[in-house]
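Each chain, letter by letter, is given below.
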Amino acid sequence: MGSGIAQVAASAGCGVVVLEADRTALDRGMAAIRKSLDKFVDKGALDAKARDATIARLTATTDVADLARCDLVIEAVVENMAVKKELFRALDGLLAPHAIICSNTSSLCVVEMAAATKRPANVAGLHFFNPVPLMKLVEVVKTIVTSQATIDALFAFARRLGKTAILAQDTPGFIVNRLLVPYLLYAIRMYEAGLASREDIDEGMKLGCGHPMGPLTLLDFVGLDTTYYIAEIMFDEFKDPLMAPPPLLKRLVLAGRLGRKSGHGFYDYT
């Protein structure tokens, strides 16, 4: 997600500082950006000159102090509130007073992150979708203390990136995942109960509802651990049984079958 966000911002003409926890992760992220841009060149959607200009706008670092001059910081670290709050505190003491801090979280409480700063009006969610260079939607997440000026700035930023922004309130799942996750979990329950094969569930939703991929394939693409984590947060907030992670999902995660990234989820990718 981080490399995708950096890529689209640099492609839109922004100077971008890419921060990672260590050099290995940083090199991997920068390589992912170059590989993605090369694909656009190969497909004729981007010329080599534009690719090189995009790469030139990227500055890679492992030192958070190098973010000091940024007007907007988008956090895409691990989905752990303690880690995010620690980063937000550091950013708050580093950035200029006008700077905006955003989280790309898909499920955590944004106002709790904002409370770790002295600029809560300048904090919001900015939730991109994977893969970022292709997906057109961005959820701008407004907390109860986010200023309208911050929201307006983020909508303008999304337009600059060529994205369509929608406004969501600061509740678990926001708009898309609030609707999507219960659907995905119910597909697991259908498969778990033996009501249909995984292939027929996926084919049914593709051909019957026009979805680009079926729910079990989508779960493998997103990551079963990611979905499990989001479902736990949503269930903890709402206590809605439809949002509770099914036993099969928990067991797949415990077995390390996380989807495409691990080589095996509901389907085998080895």
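Structural data are supplied above this passage.
To start, this report covers the structure provided alongside it. (Residues numbered from 1 in each chain as written. Predicted model: local features only at pLDDT ≥ 70, side-chain atom pairs only at ≥ 80, totals over all residues. Heavy atoms only, no water.)

Quick word on the packing of aromatic side chains
Line of reasoning, step 1. A complete count under the given rule lists one aromatic pair for this structure.
Line of reasoning, step 2. Plain terms: the ring middles of Tyr 191 and Phe 266 are 6.0 Å apart, the flat faces sit at 70° to each other, and that makes the pair edge-to-face. In this pair, Tyr 191 sits in helix 7 (residues 176–192) while Phe 266 sits in the segment after helix 11 (247–254), placing the two residues 75 residues apart along the sequence.
Line of reasoning, step 3. Seen from the ring of Phe 238, Arg 178 lies directly overhead, with NZ or CZ sitting 4.0 Å from the centre. (Phe/Tyr/Trp six-rings, centres within 6.5 Å; stacked < 30°, edge-to-face > 60°. Helix = DSSP H or I, 4+ residues; strand = E, 2+ residues; numbered from the N terminus. Lys NZ or Arg CZ within 6 Å of the ring centre and 35° of its normal.)

What about the packing of helix 7 against helix 10 (residues 224–238)?
Line of reasoning, step 1. Relative to each other, helix 7 and helix 10 sit at 110°, their axes nearing to 11 Å. By the angle between their directions, the pair helix 7 and helix 10 is classed as roughly perpendicular. The segment helix 7 lies against helix 10, with Asn 177, Arg 178, Val 181, Pro 182 and Leu 185 engaging Thr 227, Ile 230, Ala 231, Met 234 and Phe 238.
Line of reasoning, step 2. Residues belonging to the contact of helix 7 with helix 10 are distributed by class as follows: seven nonpolar, two polar and one charged. (Axes fitted to C-alpha atoms, helices over the stretch in contact; angles between N-to-C directions. Parallel < 35°, antiparallel > 145°, perpendicular 65-115°, else oblique. Contact = heavy atoms within 4.5 Å. Nonpolar A, V, L, I, M, F, W, Y, C, P; charged D, E, K, R; others polar.)

Section: a nonpolar patch on the surface
Line of reasoning, step 1. On the surface, Val 77, Val 78 and Val 83 cluster together into a nonpolar patch covering about 210 Å² of accessible area.
Line of reasoning, step 2. Within the secondary structure, Val 78 sits in the loop between strand 3 (72–75) and helix 4 (81–94).
Line of reasoning, step 3. Look at Val 78 and you get exposed, because its relative accessible area is 52%. (Patch = residues over 30% accessible without salt bridge, like charges linked within 9 Å, V, L, I, M, F, W, Y side chains within 5 Å. Areas by Shrake-Rupley, 256 points an atom, 1.4 Å probe, with all protein chains shown as cover. Salt bridge = Lys/Arg side-chain N within 4 Å of Asp/Glu carboxyl O. Buried < 20%, exposed > 50% of the residue type's maximum accessible area, 1.4 Å probe, protein only.)

A few points about the pairing of strand 5 (residues 123–128)
Line of reasoning, step 1. The element strand 5 is extensively covered by neighbouring structure, given that six of its six residues are classed as buried.
Line of reasoning, step 2. Here strand 5 shows two buried faces, one formed by Val 123, Gly 125 and His 127 and the other by Ala 124, Leu 126 and Phe 128.
Line of reasoning, step 3. When strand 4 (residues 100–103) meets strand 5, the two strands line up parallel, connected through three bridges. The partner of Ile 101 across the bridge, within strand 5, is Val 123.
Line of reasoning, step 4. Judged from the four bridges that link them, strand 5 and strand 6 (residues 137–142) form a sheet pairing that is antiparallel. (Pairing = 2+ DSSP bridges.)

Concerning the pattern of salt bridges
Line of reasoning, step 1. Applying the stated criterion to the full structure yields 11 salt bridges.
Line of reasoning, step 2. Linking Asp 27 and Arg 23 is a salt bridge whose minimum nitrogen-to-oxygen distance equals 3.7 Å. Of the two residues, Asp 27 and Arg 23 are both situated in helix 2 (residues 23–42); the distance of four residues between them amounts to about one turn of the helix.
Line of reasoning, step 3. What makes Asp 27 partly exposed here is its relative accessible area of 42%.
Line of reasoning, step 4. Classification of Arg 23 by relative accessible area gives partly exposed; the value is 47%.
Line of reasoning, step 5. Three or more residues joined by partner-sharing salt bridges are found here, namely Asp 38, Arg 51 and Asp 52.

Structural notes on the sheet that holds strand 7 (residues 164–169)
Line of reasoning, step 1. Strand order in the open sheet formed by five strands is 3-4-5-6-7, and the pairing between neighbours is mixed. Looking at which strands have only one partner, the edges of the open sheet turn out to be strand 3 and strand 7. Here the strands of the sheet are splayed against their neighbours by 30° on average, with no regard to which way each runs.

As for the nonpolar core
Line of reasoning, step 1. Residues Val 16, Val 18, Leu 58, Leu 126, Phe 128 and Leu 154 are the most contacted members of the largest nonpolar core, which totals 27 residues.
Line of reasoning, step 2. Those elements giving two or more residues to this core turn out to be helix 1 (2–11), strand 1 (16–19), helix 2, strand 4, strand 5, strand 6 and helix 6 (148–160).
Line of reasoning, step 3. The dominant element in this core, judged by the number of residues it contributes, is helix 1, at five residues.
Line of reasoning, step 4. What Val 16 contacts, discounting residues up to four positions off in sequence, is Ala 6, Ala 9, Ala 10, Arg 57, Leu 58 and Thr 59. (Core = buried A, V, L, I, M, F, W, Y, C linked by side-chain atoms within 4.5 Å.)

So, helix 8 (residues 198–209)
Line of reasoning, step 1. In this model helix 8 runs 16 Å from its N-terminal to its C-terminal C-alpha over 12 residues, within 8% of the 16 Å that 1.5 Å per residue would give.
Line of reasoning, step 2. Just downstream of helix 8, Gly 210 is the residue with a positive phi angle, here 75°. (Expected span 1.5 Å × (residues − 1).)

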